[in-house]
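The chain contents come next:
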Amino acid sequence: MLTVHDVREILLNRDYSHSTLTALLETNGEALQTLFDEAEAYRRNVSGTRVYFRGLVELSNICAKDCFYCGVRCSNRSVQRYTLSLEEVVEAARFAHRNGFASMVLQSGERADKRFVDMVAELLQAIHIATRGELHITLSMGEQSRETFQRWYDLGAHRYLLRIEASVPDLYLRLHPEDGKHRYEHRIESLHLLKDIGYQTGTGVMIGLPFQDTAHLASDLLFFRELDIDMVGMGPYIEHDQTPLFQYRHLIPSTEERFWLSMKMVAILRLMMPDINIAATTAMQAIREGGREFALKVGANVVMPNLTPTRYRENYLLYKDKPGTAQDAEDTTENLTRMIHAARLEVALGEWGDSTHYQKRLIQ
Ligand code: SAH
Ligand code: SF4
């Protein structure tokens, strides 16, 4: 077990090797408190205190994929499927714009059919017109062809989130069916395509999965750094009883442990990559009240108020007990602002909030 002194040494020397990362992920007690304190100080002094809002719109829960962990996988017949109308999405975009969010995330189940690709293209155009091109758009719609990624980029999508889910291929394999539609190599290729095209590229993982240990998570942290990623959205895995992975729930850490592991991941990543955007994700809040606030304190700088019209939310349950399913958008925004101020951080309204990492990457 690392001592307080060991943690200080590692951070001072910026010694982020696989073995030190694994050890940091296993710290507890005073040594862990030191890690959190150092990450918080580093965040304030180096990364800054600004927190950006991204309005999240869950466009559709129709998905062609069958990931073993996800509640909206195509084999789950108990989900009522929906797709928002163009008007509903544009209304959410206007709300985000009016409230100074400057940016929205459109997330959806994965579909690559022409109808879907065209619909997203149309949405991008409509949002652009409705918000005079002032609202930045992040897409999170899974793997697509180069042409699709390029087309959406040309229509004004600036950022793309595609979690690798688990960066160690063996673990990835255990979480996805081997049916040709869920290939690790393809996911990696997609991440490279996104970067090539010019997207600010985000990825991430789930934390506390069955079959996962701290060595896997250390590899995930190194993966983010090697890929030179601009944004990270990661969060605890939360089991869903209508999914195949549910049978392995006895193998996952307790909710308490998953929460602290997630906070360690945020803190360490902030120390490793001071200029990227890190999201305080909904799953962090789902697993523990005050979870997002803690994540912001130790290094996250993005929150994503949910702008999906309330009546659809109960059908976008990637995992159980997702919060905010009964709140309306205004409520959530107010709560988040209060929470950010309570963490002694600033709400950066009206700013696009591009990661400084991305800006530097463009200059090089
Ligand atoms: N279909 C797209 C985007 C929507 S899913 C995609 O898969 O990329 C968004 C994220 O939800 C996934 O990347 C996954 O990391 C997360 N997710 C799915 N099921 C989850 C679960 N049971 N617990 C925690 N996160 C989950
Ligand atoms: Fe579909 Fe994404 Fe869920 Fe996988 S994680 S089943 S791609 S929505």
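Structure first, text after, so check above.
Only a predicted model underlies this, so the values are computations on that prediction, with no experimental measurement involved.

Let us now look at the overall build of the protein chain. Along the backbone of the protein chain there are 15 helices and 12 strands. For 364 residues, the compact-globule formula gives about 21 Å, and the C-alpha radius of gyration of the protein chain, at 19 Å, lands near that figure. Reported as C-alpha extents along the three principal axes, the dimensions of the protein chain are approximately 55 × 45 × 40 Å. Split into buried and exposed, the 364 residues of the protein chain put 59% on the buried side. Here the analysis covers contacts within the protein chain between residues at least 6 apart in sequence; of these, 77% occur between residues at least 24 apart. The positive charge centre, built from 41 side chains, and the negative charge centre, built from 49, are 3 Å apart in the protein chain.

Turning to the packing of helix α3 (residues 29-47) against helix α10 (residues 255-272), a few remarks are in order. Close contact between α3 and α10 brings their axes to 9 Å; oriented N to C, the two are set at 45 degrees. Classed by the angle they form, the pair α3 and α10 counts as oblique. The crossing of α3 and α10 is left-handed. The residues of α10 that touch α3, namely those facing Leu32, Leu35, Phe36, Glu38, Ala39, Tyr42, Arg43 and Ser47, are Trp260, Met263, Lys264, Ala267, Ile268, Arg270 and Leu271. In terms of residue class, the contact of α3 with α10 is built from 10 nonpolar, 1 polar and 4 charged.

The next thing to look at is the site of ligand 1. What surrounds ligand 1 is a group of 18 residues, the closest being Tyr69, Ser108, Arg163, Glu165 and Ile238. Contacts to ligand 1 include Arg163, whose side-chain N or O atom sits 2.8 Å from an oxygen atom. In the environment of ligand 1, an oxygen atom lies 2.5 Å from a nitrogen or oxygen atom belonging to the side chain of Glu165. Compared with its free state, where it exposes 540 Å², ligand 1 has 92% of that area covered by protein. Looking at the shell around ligand 1 residue by residue, the classes come out as 9 nonpolar, 5 polar and 4 charged.

Here helix α5 (residues 114-130) is 17 residues long and its end C-alpha atoms lie 24 Å apart, about the 24 Å a rise of 1.5 Å per residue gives. Those residues of α5 not exposed but buried are Phe116, Val117, Val120, Ala121, Leu123, Leu124, Ala126, Ile127 and Ala130. Buried residues along α5 sit against β2 (55-60), α4 (86-98), β3 (103-108), β4 (136-140), α6 (146-154) and β5 (157-161). Backbone geometry just after α5 places Arg132 at a positive phi near 50 degrees.

What counts as what
- Residues numbered from 1 in each chain as written.
- Chains lettered and ligands numbered in written order.
- Predicted model: local features only at pLDDT ≥ 70, side-chain atom pairs only at ≥ 80, totals over all residues.
- Heavy atoms only, no water.
- Helix = DSSP H or I, 4+ residues; strand = E, 2+ residues; numbered from the N terminus.
- Rg over C-alpha atoms; globule rule 2.2 N^0.38 Å.
- Buried < 20%, exposed > 50% of the residue type's maximum accessible area, 1.4 Å probe, protein only.
- Contact = heavy atoms within 4.5 Å.
- Lys, Arg positive; Asp, Glu negative; His and termini not counted.
- Charge placed at Lys NZ, Arg CZ, Asp CG, Glu CD.
- Axes fitted to C-alpha atoms, helices over the stretch in contact; angles between N-to-C directions.
- Parallel < 35°, antiparallel > 145°, perpendicular 65-115°, else oblique.
- Left-handed = near helix turned anticlockwise from the far one by under 90°.
- Nonpolar A, V, L, I, M, F, W, Y, C, P; charged D, E, K, R; others polar.
- Near = heavy atom within 4 Å.
- Polar contact = N/O pair within 3.5 Å; in protein donor to acceptor, adjacent residues only side chain to side chain.
- Areas by Shrake-Rupley, 256 points an atom, 1.4 Å probe, with all protein chains shown as cover.
- Expected span 1.5 Å × (residues − 1).

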